[in-house]
Structure formats: structure tokens, C-alpha cells
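The lines below spell out each chain.
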Amino acid sequence: MAKQVPGRVTMEKLTSLCQRRGFIFPSSDIYGGLSSCWDYGPVGVELKRNIKEVWWRNNVQERDDMVGLDTSILMHPRVWEASEHLAQFSDPLVECKNCHLRWRADELKGDRCPSCNGELTEPHQFNLMFKTFMGPMEEAANVVYLRPETAQGIFVNFENVVNTSRKRLPFGIAQIGKSFRNEITTGNFVFRSREFEQMEIEFFVKPGTDDKWFDYWLEERFNWYVKLSIKKENLRLREHAEEELAHYAHKCYDIDYNFPMGWSELEGIANRGDFDLKQHMTYSGKSLTYLDEESKEHIIPYIIEPSAGVDRSVLAVLCDAYEEEPDKDEIRVLFHFHPDLAPIKVAVLPLSRKENLAALAKDVYADLRPCWMVQYDDTQSIGRRYRRQDELGTPFCVTIDFQSLEDNMVTIRERDTMNQIRLPIAALRDTLQAKLAGEDLFVLPEGGQIWKEEKHA
Ligand code: GAP
């Protein structure tokens with residue numbers, strides 16, 4: 001067989017690996033899929049949950065100046081009038097007169113259909129909000145929308161949160177939840193879909209301090225991705241030009257990631273000024289001002305909004321962690337996930353299914369499961385099982401062999417270096433805890449030994 005040569009990540013490789021290993025499947029797969037909707041499989045759901053949990057821990061749990069919220073997807077229709085989504089949240093749509101495919105006019109290079117070179121219709125504005133009806137009557141009075149951003153749920157609860165949390169400016173409200181946009185063009189796997197999740201912060205500040213806080217959040221959010229092991233060279237900041245700014249924004253930067261299809265937006269950080277609170281005051285007739293204790297004046301806070309996509313973060317993490325390495329004549333494919341993000345932290349692998357070995361391996365498995373997502377695998381050769389765990393991005397494999405029955409020791413094999421250490425089972429849990437928290441694998445517990453794994457064909 002010809003020697004395989006390691007290559008770079010492509011969307012095709014990623015999509016196929018994600019489907020094969022249970023990260024992400026097309027929605028309604030058995031019916032041929034539903035365009036731009038995706039299902040997260042047993043491994044993908046763990047990765048996605050880990051991203052959301054780290055975001056929540058870093059932005060809510062570990063901060064004094066932030067509280068969380070979980071608001072409903074369906075909101076009063078007046079919200080979307082106030083936010084101007086009804087009037088403004090649209091893209092220019094053109095249709096090919098020949099093949100009837102539809103395109104976003106602002107994304108086309110020429111003035112002909114990219115698919116069949118046919119003539120295109122004049123553009124018309126197409127609102128991206130999904131419409132539905134509340135209650136049994138499908139009539140105009142009952143129209144409601146699936147929210148296109150989670151942010152509005154935060155703005156309309158500003159007063160509730162101030163009154164109940166006793167937070168003083170500057171402070172933020174964070175929310176993770178589903179949003180829906182009837183995008184004209186989708187694609188690039190989960191990058192642009194019609195149903196997706198957002199992780200949004202609305203950070204309320206005194207007018208005049210907004211530039212300072214904008215810069216603060218720009219740096220904070222950029223560094224968050226770096227802390228999660230995303231390579232700095234694959235991240236960049238890009239300022240929006242005047243004509244690109246959303247109707248509510250004074251200023252906006254994107255954190256872009258260098259995806260296989262090119263640099264594209266991962267997160268947007270906007271200075272929304274007092275637009276949203278003012279609009280909701282006008283439309284609801286309720287006061288959403290804040291009593292400034294220093295000046296004793298009622299003010300309308302400005303809002304800095306770091307708004308990240310969960311699915312785009314998943315995609316960036318997958319792209320960044322993917323690697324192909326030479327392994328004799330074959331290639332080893334692995335995900336170098338940060339331990340906090342790895343879907344499965346530890347795999348327990350008995351060398352054989354023999355009863356006494358299986359019993360010991362099951363004991364080890366039972367001991368580790370309360371701490372992390374752990375997988376038990378006793379199928380195929382140990383080399384193949386290591387490769388499977390590499391493709392799942394599992395940081396550590398614990399191998400139980402016949403010697404373990406004699407000496408009560410097991411082997412930990414590390415994903416990235418393939419180094420192995422042997423240590424007493426009694427020290428296993430604490431050692432894994434330390435390794436997952438970033439301690440060097442070579443800091444050995446008493447009685448431990450080190451060696452390097454043979455590459456498996
Ligand atoms: N509240 C502000 C807001 O929604 P946005 O730039 O439209 O701003 C924020 O969206 C983030 O949500 C984007 O940076 C992206 O990560 C994610 N996002 C937006 N549309 C998306 C889509 N169709 N599919 C997947 N993620 C999307």
C-alpha cells in the first residue's frame with residue numbers, strides 16, 4: 001500500500017470524521033437531511049456542552065459583575081418592532097430566472113447566476129426572522145417570531161435583573177440559547193445554519209466609559225479563545241466599516257477564525273450605545289433607566305455586547321485541534337482538544353476480555369466515572385483502540401493488562417505525545433485529575449514508571 005501523506009484540515013475531511021465518530025450528523029438524516037440543520041451526536045454534544053460550560057464558568061461563575069439569564073425563544077411581537085428587526089433584519093435576495101436558485105445579492109461576485117449563469121431578478125429585501133402563530137388561529141394577530149438573537153431577552157429583563165440582583169453599573173447579563181435565522185445562503189457545515197446557539201453578554205456601563213469597556217471586552221474575548229488552545233495565528237480582529245455596521249451599533253469588531261474556507265466571523269463585539277434600552281422604553285412605555293448613586297440622576301446605560309456562536313466555536317475548535325501525523329506508512333488523525341473541552345477525558349481499555357481482567361477494568365471504570373466522561377472499550381486491538389480515542393480527542397487512555405492483576409498497576413497513555421506511564425491504581429484518579437488540570441505527565445506518583453509508546457500500524 002502506498003505511503004500516506006499527512007495533510008491539512010478540510011471541511012470534507014472534518015464533516016466525514018464528525019459523522020463517522022458521532023460528533024455531528026445532518027438533521028433528519030434518514031429522510032435525506034434538512035438543509036443547514038445539524039444534530040450533535042454522542043461525542044459532539046459533550047464537546048458543545050463543554051464549550052458552553054467553560055464560557056459560563058469564565059463569564060458568570062468567576063465574575064462578580066455578571067449574572068446569568070435564560071429567556072424564552074418566543075417573545076412579544078412588539079419586541080421585534082422596537083429592536084427594528086422587523087424593519088431592518090433582512091438580506092437582499094435575488095432569484096435565477098432560469099434554474100430558480102436563490103442568492104444573497106451582496107455576496108455575488110457578478111450579475112449572473114453562479115450555478116447556471118442565468119439572468120437574475122432584481123433584488124428584494126427578505127426578512128430573516130422565522131414566523132409562526134401562537135394558538136390555534138393562523139391569523140395576523142397571532143403572529144410571533146422565533147428570536148434571531150438572544151440579546152433582546154436580556155434587554156427586556158434589564159429592570160427585573162437590576163431590581164432582583166442588586167448589581168450596580170458596570171455589570172453584565174449573560175445568556176446561552178438557541179436563535180433562528182432564515183438565512184438565504186447557508187453552508188460550510190455548522191458555520192451558517194438556520195437554527196444555532198449563541199453565547200451573548202450584554203454589559204451595561206455608564207455612558208462615557210463605553211470605549212474603555214469595549215477595548216476591555218475585545219481583549220478579554222480574544223484571549224478566551226487563546227486560553228482554550230486555539231492558535232493565535234488562526235485568530236484576528238477585524239473592525240467593521242461604517243456601511244457594514246448593524247443598525248444598532250456605533251462600533252463593531254469581529255473576532256475572525258481562519259476556517260478552511262477562509263477568515264470568517266467567530267464572534268462579534270459591538271458597542272450598541274443606548275439604542276436598545278431607549279427603543280424598549282419608547283415601545284413599552286416603561287422606564288428602563290438606572291439611578292446613578294453618585295450623580296443621583298437617572299441614566300440610560302450604554303451596552304457593550306460580546307456575542308459568540310456556540311456552533312462556530314465548535315467548528316473552530318474542531319478545525320484547530322485537527323491534526324494528521326505520519327505513523328509508519330499510515331497517518332494518525334487526532335484532535336488536540338484542550339482537556340476542558342475534550343468530549344471524553346479518559347478511556348479505559350482492558351487488554352483482553354478475560355473475566356478477571358474485565359472485572360478489574362470495570363472497577364477502574366466505575367471509580368473514574370463520577371469524575372469525568374469516561375469511555376470503556378474492549379473491542380479490537382489496543383493499537384486500533386488508541387487510534388479511535390485519538391480521533392475522539394481523548395487526552396488519556398488507561399490500559400489494564402495481565403500484569404495489573406499481579407501488581408495493581410495500570411498504564412496511562414497520553415494522546416499528544418503518546419508517552420506512557422505506569423502507576424499504582426490507588427494513585428490513578430488523583431494523577432488523572434492533575435494531568436487534566438495541565439500538570440506534566442512526567443510528574444510521577446510514587447512507584448510510577450515512564451516509557452514511550454511504539455507506533456502502531
Ligand atoms: N446580538 C448580536 C448578534 O446576534 P451577530 O453578529 O448577528 O450578532 C453573533 O451574531 C454570533 O452568532 C456570530 O458571531 C456567530 O458566531 C453566530 N451566528 C450568527 N448567525 C449564525 C448562523 N446563521 N449560524 C451559526 N451561527 C451564527
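In case you missed it, the structure is sitting above this.
Residues numbered from 1 in each chain as written. Predicted model: local features only at pLDDT ≥ 70, side-chain atom pairs only at ≥ 80, totals over all residues. Heavy atoms only, no water.

(A) Highlighting the overall build of the protein. Regarding its fold elements, the protein presents 13 helices and 24 strands. Overall, the protein is about 75 × 65 × 45 Å in size when its C-alpha atoms are taken along their principal axes. Across the 457 residues that make up the protein, the buried fraction comes to 52%. Long-range pairs, those at least 24 residues apart, make up 65% of the contacts in the protein between residues at least 6 apart in sequence. Carbon and sulfur atoms form 49% of the exposed surface of the protein, whose accessible area is close to 21900 Å². Taking the 57 positively charged and 75 negatively charged side chains of the protein as two groups, their mean positions are separated by 3 Å. (Helix = DSSP H or I, 4+ residues; strand = E, 2+ residues; numbered from the N terminus. Buried < 20%, exposed > 50% of the residue type's maximum accessible area, 1.4 Å probe, protein only. Contact = heavy atoms within 4.5 Å. Areas by Shrake-Rupley, 256 points an atom, 1.4 Å probe, with all protein chains shown as cover. Lys, Arg positive; Asp, Glu negative; His and termini not counted. Charge placed at Lys NZ, Arg CZ, Asp CG, Glu CD.)

(B) Inspection of the packing of helix H1 (residues 11-21) against helix H11 (residues 382-392) at higher detail. Packing of H1 against H11 leaves a shortest axis separation of 10 Å and a crossing angle of 120°. Taken together, H1 and H11 sit at an angle that is classed as oblique. Crossing handedness for the pair H1 and H11: left-handed. Contacts between H1 and H11 involve Leu17, Arg20 and Arg21 on the former and, on the latter, Arg388, Glu391 and Leu392. Taken together, the residues of the contact of H1 with H11 break down into 2 nonpolar, no polar and 4 charged. (Axes fitted to C-alpha atoms, helices over the stretch in contact; angles between N-to-C directions. Parallel < 35°, antiparallel > 145°, perpendicular 65-115°, else oblique. Left-handed = near helix turned anticlockwise from the far one by under 90°. Nonpolar A, V, L, I, M, F, W, Y, C, P; charged D, E, K, R; others polar.)

(C) Focus on the site of the ligand. In the vicinity of the ligand, 21 residues are found, and the nearest of them are Glu149, Arg181, Glu183, Glu200 and Glu265. With the chains in place, 91% of the 560 Å² that the ligand exposes on its own is no longer accessible. Top contributing element to the shell around the ligand by residue count: strand S13 (residues 262-273), with 5 residues. When the residues that make up the shell around the ligand are grouped by side-chain class, the tally is 6 nonpolar, 5 polar and 10 charged. (Near = heavy atom within 4 Å.)

(D) Main features of the pairing of strand S10 (residues 195-205). Across the 11 residues that make up S10, a large majority, 10, are buried. Two strands pair when backbone bridges link them, and strand S9 (residues 171-180) and S10 are joined in this way by 10 bridges, in the antiparallel orientation. Paired with Lys178 across the strands is Glu197, a residue of S10. As paired strands, S10 and strand S16 (residues 302-309) are joined by 6 bridges and run antiparallel to one another. Across the sheet, residue Gln198 finds its bridge partner in S16, namely Gly309. (Pairing = 2+ DSSP bridges.)

(E) Expanded view of the pattern of salt bridges. Considering all chains together, one arrives at 45 salt bridges under this definition. Asp378 is the partner of Arg353 in a salt bridge, and the nearest nitrogen-oxygen pair spans 3.5 Å. Taken together, the positions of Arg353 in the loop between strand S19 (346-350) and helix H10 (355-368) and Asp378 in the loop between strand S20 (374-376) and H11 put the pair 25 residues apart, joining distant regions of the chain. (Salt bridge = Lys/Arg side-chain N within 4 Å of Asp/Glu carboxyl O.)

(F) Highlighting H1. Every buried residue of H1 is listed here: Met11, Leu14, Leu17 and Cys18. Projected down its long axis, H1 carries its buried residues within an arc of 135°, all on one side. Where H1 is buried, its residues contact strand S1 (24-26), helix H9 (310-321), strand S17 (322-327), strand S18 (330-335) and H11. Where H1 ends, the next residue or the one after it, Gly22, has phi of about 85°, a positive value. (Arc of directions from axis to C-beta.)

(G) Seen up close, helix H8 (residues 275-284). Every buried residue belonging to H8 is among Phe275, Asp276, Leu277, Gln279 and His280, and all of these are buried. Elements in contact with the buried residues of H8: helix H3 (77-82), helix H5 (151-155), helix H6 (158-165), S10, S13 and S16. Downstream of H8 by one or two residues, Gly285 has phi in the positive range, about 75°.

(H) Region of the structure containing the sheet that holds strand S5 (residues 102-104). As summarised here, the arrangement of the 3 strands in space is S5-S4-S6, forming an open sheet in which the pairing is antiparallel. A single partner strand is all that each edge strand has here, and the edge strands are S5 and strand S6 (124-127). The average angle at which neighbouring strand axes cross in this sheet is 50°, direction not considered.

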